[in-house]
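Next come the chains, spelled out residue by residue.
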Amino acid sequence: MLRVTALGALGGLAAGPLVLLAVTSVAHHWYWPALVPPQWSLRAWAYLATPGAGVIEAAATSAILGTVVAGTAVAMALPAARALAARHVRGRRVVLFGLLLPVLAPPLAAAMGLHSVFLRLGLTDSHLGVALVHLVPAVPYATLVLAGSVANFDTDLEAQARTLGARPAQVWWHVILPAVAPGLAVAGIFAFLISWSQYLLTLIVGGGRVLTLPLLLVGFVRGGDEAVGAALSLVFIAPPLVLFAGVARLLREFR
């Protein structure tokens, strides 16, 4: 009974803000002390669906950037995770600390430093520059997630496959990748969400020309239109919820 009550309370805490956003998005106006909106309207959702609102373009940009960053971060993190998981490697703590430095540094300082570098390289105000700067926080997190998964990998399986004549590419494809697939999925989702939710790095490096959902959302929230801001918040939250549900189902299948 206590467990059911606790789960119900956690579910209510999680669903409460979403319900509030959903009601606000269809409210024509809603002021204190009214408990429910006196008038309802689909104006906010209709506005988001119009081509001129830029929501579809911003969502597509965020999805493409997140996918590219997730794939690149996982590809970079897997070799690093294997090196960190190896017990015979010296200086693991130093390497780990260096890996976490971009995350430990203040975001504004890191963003301004990277902006000056990218400005010299001609990468500012471009999708490529934004994708590269998103990798700075994404790769460390992906590496840490994968390091735990790779540490549980039995290296004897890799040695047995090579003994049986498997080439290095076959060992990776048929032995290592299936064994660490759950970790790859979790690392990929973390990297995607880091890119999906980036505001400061995208604003500074993208210069406002690379429009993503976080930039659009902050603009509407600061503009004072609560209904449109609530509707756009639900659009912003939906993909992470779907991805979390998919990864949770995938992890249950690997148990």
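Quick note: structure is the one above.
Residues numbered from 1 in each chain as written. Predicted model: local features only at pLDDT ≥ 70, side-chain atom pairs only at ≥ 80, totals over all residues. Heavy atoms only, no water.

The helix and strand inventory of the chain stands at 12 helices and two strands. Helices (α) and strands (β) of the chain occur, in sequence order from the N terminus, as α-β-β-α-α-α-α-α-α-α-α-α-α-α. Contacts in the chain between residues at least 24 apart in sequence constitute 69% of all its contacts with a sequence separation of at least 6. When the accessible surface of the chain is summed, it comes to about 15100 Å², and 70% of that surface belongs to carbon and sulfur atoms. (Helix = DSSP H or I, 4+ residues; strand = E, 2+ residues; numbered from the N terminus. Contact = heavy atoms within 4.5 Å. Areas by Shrake-Rupley, 256 points an atom, 1.4 Å probe, with all protein chains shown as cover.)

Judged by nonpolar contacts, the single largest core of 43 residues is most densely connected at Val55, Ala73, Leu146, Leu213 and Leu232. In terms of residues, this core owes the most to one element, helix 3 (residues 55-85), which gives 10 residues. In this structure Leu213 touches Val55, Ala58, Ala59, Ser62, Trp196, Leu232, Val235 and Phe236, once residues within four positions along its chain are discounted. Counting seven residues, the second largest nonpolar core, distinct from the first, contains Phe118, Val133, Leu201 and Val205. (Core = buried A, V, L, I, M, F, W, Y, C linked by side-chain atoms within 4.5 Å. Buried < 20%, exposed > 50% of the residue type's maximum accessible area, 1.4 Å probe, protein only.)

This part takes up the side chain of Thr24. If you trace the backbone, Thr24 turns up in helix 1 (residues 2-25). On the basis of relative accessible area, Thr24 is assigned to the buried category, the value being 15%. Polar side-chain contacts of Thr24 include one of 2.8 Å to the backbone oxygen of Leu20. Setting aside chain neighbours within four positions, we find Thr24 in contact with Trp30, Glu226, Ala227 and Ala230. (Polar contact = N/O pair within 3.5 Å; in protein donor to acceptor, adjacent residues only side chain to side chain.)

Attention shifts here to the packing of aromatic side chains. Under the definition given, this model contains three aromatic pairs. Their ring planes at 85° and their centres at 5.8 Å tell us that Tyr47 and Phe220 sit as a pair that is edge-to-face. Linking Tyr47 in helix 2 (residues 43-49) with Phe220 in helix 11 (residues 213-223), this pair joins segments that are 173 residues apart in sequence. Take Phe220: its relative accessible area is 16%, and that puts it in the buried class. Ring geometry for Phe192 against Trp196: centres 5.7 Å apart, planes inclined by 20°, an arrangement best described as stacked. Placement of the pair is Phe192 and Trp196 together in helix 9 (residues 181-196), with a separation of four residues, close to one helical turn. Here the aromatic residues Phe192, Trp196 and Phe236 are joined through ring pairs into a cluster of three or more. (Phe/Tyr/Trp six-rings, centres within 6.5 Å; stacked < 30°, edge-to-face > 60°.)

It is worth spelling out helix 3 at this point. End to end, helix 3 covers 42 Å across 31 residues, agreeing with the expected 45 Å (1.5 Å per residue, within 8%). Bending of helix 3 peaks at approximately 30° at the position of Ala77, with proline Pro79 no more than four residues after it. (Expected span 1.5 Å × (residues − 1). Bend = angle between axes of the 7 residues up to and from the residue.)

Mapped onto the elements, Ser195 comes out in helix 9. Among the residues examined, Ser195 registers a relative accessible area of 5% and is labelled buried. Apart from residues lying up to four places away in sequence, Ser195 is in contact with Leu65, Gly66, Val69 and His134.

Here we come to unusual backbone geometry. Located in the positive-phi region is Asp125, a residue other than glycine, with phi close to 60°. For Asp125, the location among the structural elements is in the loop between helix 5 (107-121) and helix 6 (127-151). Of the residues examined, Asp125 reaches a relative accessible area of 35% and is grouped as partly exposed.

This brings us to helix 5. The end-to-end C-alpha distance of helix 5 is 21 Å, a good match for the 21 Å that 15 residues give at a rise of 1.5 Å each. Just past helix 5, the residue Gly122 takes up positive phi, approximately 75°.

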